[in-house]
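Chain and residue survey
Now for the letters of each chain:
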Amino acid sequence: VAQKFQRYHDLSPLPRATSDNIWQAMRPVSVTATRSIDGTTTDIDLGSYNVESANDVATKTFTEDGMYTVTVVATDAAGNKDTKTMPFTIDRTAPVISMTGVTEGAYSSNPVTVNFRSVESFFDTNNVKITVERKLEGSTYGRTLSFASTAKTSNMTTTFSEDGDYVITMTAIDRAGNEAETQT
């Protein structure tokens, strides 16, 4: 699903003339944007267009993942200027999660250290959940581990030393609703 930028220009702060040709006296409206992802910011020149009526609309479709800021600048013939900005984020990529350090079905007489990893460009909105179920002598013990996404690639290591059969499940979902493939 593409994010569409559609902006009706609110020129109310600009002086109003009563002439029918005020729109012909407008200077072209300029539209610029920036796209940031993974620490890289790119300037996007969306050009300019002539305003012919109070309801003119410019449309641009953004499809790539990134944090965008679109800036529209309108200037009338007298040099009065109005600037509007609109930030938004496109995130169509699911987080990538993994667990290493343990093999499914393995037995160990020593503590087992498991490494958890999450990779997500928009990590500050990433919700990673790690649940641990331990079964021992007919009883089941459950707990949730706290995992903090602090960078594009976030890691956590936990050592399991208590006797029992463990089932560890790791899930992640980002703010846009993209779900990682569950790791068990």
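Above this note sits the structure.
Since the structure is predicted, the reported quantities are computational estimates derived from the model, not experimental observations.

Comments concerning the overall build of the protein
Across its full length, the protein carries 1 helix and 12 strands. Listing the helices and strands of the protein from first to last along the sequence gives β-α-β-β-β-β-β-β-β-β-β-β-β. Within the protein, the proportion of its 184 residues that are buried is 31%. Of the contacts formed within the protein by residues at least 6 apart in sequence, a portion of 62% connects residues at least 24 apart.

Describing the pattern of salt bridges
Close approach of charged atoms allows side chains with opposite charge to pair. Evaluated as defined, the whole model comprises 5 salt bridges. Its salt-bridge partner being R35, residue E64 comes within 3.6 Å of it at the nearest N-O pair. Highlighted residues: E64 in the loop between β4 (57-62) and β5 (66-75) and R35 in strand β2 (residues 29-37), separated in sequence by 29 residues. Since its relative accessible area comes to 48%, E64 is described here as partly exposed. Across the pair K84 and D82 runs a salt bridge, and its minimum N-O distance is 3.9 Å. Judged by its relative accessible area of 13%, D82 is buried.

Section: the environment of G142
Its place among the elements puts G142 in strand β10 (residues 139-145). Overall, G142 belongs to the exposed group, its relative accessible area being 66%. Distance from G142 to V167, taken between C-alpha atoms, is 9.5 Å for residues 25 residues apart in sequence. For G142, the residues in contact, after removing those within four places along its chain, are V132 and E133.

Rules used in this analysis
Residues numbered from 1 in each chain as written. Predicted model: local features only at pLDDT ≥ 70, side-chain atom pairs only at ≥ 80, totals over all residues. Heavy atoms only, no water. Helix = DSSP H or I, 4+ residues; strand = E, 2+ residues; numbered from the N terminus. Buried < 20%, exposed > 50% of the residue type's maximum accessible area, 1.4 Å probe, protein only. Contact = heavy atoms within 4.5 Å. Salt bridge = Lys/Arg side-chain N within 4 Å of Asp/Glu carboxyl O.

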